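Below are the chains, spelled out letter by letter.
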Amino acid sequence: MKIILITLVTLITFSLSAQTKETYIYSIKGNDTLSMDVFTPKNIKKTDSLPVLLWMHGGGFSGSHRAYPDDTNLVKYAAEKQNYIGVSIDYRLLRQNKTTGFGCDCTKDEKMETFKQAAIDYLDAAKFLVERAQMLQIDPTKIIAGGSSAGAEGILNAVYMKDYFVTDKNAYNSVSFAGVFSCAGAVVDARYITKENAVPTVLYHGTEDRLVPFANASHHYCDPKKAGYIMLDGSEVIANQLEEFDTAYSFNIVKGGGHEIARIPFEDLEKVFSFFKQTMLNKEVIQTKIIRTK
C-alpha cells in the first residue's frame, strides 16, 4: 500500500508557550485518508528521544475526529507539560451513516469487524511512528496507548488482543506498547491479557455505564435475543487480570457513574502521568483502586 506523507507545521498556543504541530497522513484505505496530529515540546533537543501518548478519540465508531478540542488539548498537554510527544489520530468510522448504529441492532459480526479494523488502524498508526522514530524523536519502547469510549475499545483490543485480530503475525513485530490509558473501554476477551503482554494501565469507568460494560456484560446491555448481543470484558475484569500478573494499574471507579466517565479526566492528568513515570519509566509496580461517588 502506498503511503503519502504530508507535513504541515504550525505554532499552537497552549498555556503560556508555543508548540510545534505536524500533521501526517499515516494510511490511505479505500476512501479513507487517515491522518495524525503530532505535538512536540517546544524546547526539544536534537538528541532527545521522548515517550509518546498515542491517542484514539471516541464517538461510537461513527463520529468525532482527531482534532476535537478535548482530544487535542490532551495531547498538547502531554507535550507541553509532560515532555512527551503527543499524537492524536483519525481512524475509519465504520459505523458512520449506518441506520443500525452500534447498538443492539448492529449485528455481532459487524461489531467484531468494527473492533478489528479499529485495532488495525491503531496498530498502523503506531507502526508509522516507530518507523519514523528518529525523525520524530520518539522512543519506540515507550508508547502509551490511550483512548476514550470507542477509542478505548480500539486501543485495548490493539494492545491486548492483537494476536486475535491480526492475521499477519509479522506485520507489527516492530510495535510494542509500554502503557495503556483507557477511559470507559473494554476488550472482547480479557483472557488474551497475558503476563507477556500486560503493561501498566490506567483505567477510568463508571459502575453504571450502560454502553460499555464496567465488568463482564453484553455490549450496550443488549438482550441475548438481539442481533447485537456480544459479551465484553470491561475495566473491572481487565484490572483483575493485571493484578493476577503483578502488573501495575490504577483503576479509577466512579460508583453510579455512566458513560460520561469516558470524558478525558483533565483534573487528574498530573496523577496519570505520575503513575506512568513511576511504572513505565521507573519500573515500579503500583496497584491502586480509587473509588469515587458520582
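Residues numbered from 1 in each chain as written. Predicted model: local features only at pLDDT ≥ 70, side-chain atom pairs only at ≥ 80, totals over all residues. Heavy atoms only, no water.

Trainee: How would you explain the UniProt feature "domain: BD-FAE-like" (unreviewed entry) in the protein chain if you had to name every residue and give the values?
Mentor: Mapped onto this numbering, the UniProt entry gives "domain: BD-FAE-like" (unreviewed entry) at residues 36-153. Across residues 36-153 one finds 39% helix and 24% strand; the C-alpha atoms that close the span lie 19 Å apart. (UniProt positions renumbered as here; feature names shortened; annotations may be inferred. Helix = DSSP H or I, 4+ residues; strand = E, 2+ residues; numbered from the N terminus.)

Trainee: Now, about the state of the cysteines: what can you tell me, with residues and values included?
Mentor: Enumeration over the complete set of coordinates arrives at one disulfide. A disulfide bridge connects C104 with C222, and the sulfur atoms are separated by 2.1 Å. Classification of the bridge connecting C104 and C222 rests on its S-S torsion, roughly -95 degrees, and on that basis the disulfide is left-handed. In this pair, C104 sits in the loop between β5 (85-89) and α2 (108-131) while C222 sits in the loop between β10 (216-218) and β11 (231-234), placing the two residues 118 residues apart along the sequence. Relative accessible area serves as the criterion here: at 23%, C104 is assigned to the partly exposed category. Here C106 stays free of any disulfide, with the sulfur of C222 as its closest cysteine sulfur at 9.0 Å. (Disulfide = S-S within 2.5 Å. Buried < 20%, exposed > 50% of the residue type's maximum accessible area, 1.4 Å probe, protein only.)

Trainee: Please provide a residue-by-residue account of the nonpolar core, values included.
Mentor: Grouped together as the largest cluster of nonpolar side chains are 68 residues, with contacts concentrated most on M36, L54, V87, I89, Y122 and F177. For this core, the element with the highest residue contribution is α2, accounting for twelve residues. Setting aside residues no more than four positions away along its own chain, Y122 makes contact with L54, M56, I89, I144, A145, G146, I155, A158 and F177. Formed by 26 residues, the second largest nonpolar core is a distinct cluster that contains V75, Y77, V202 and I264. (Core = buried A, V, L, I, M, F, W, Y, C linked by side-chain atoms within 4.5 Å. Contact = heavy atoms within 4.5 Å.)

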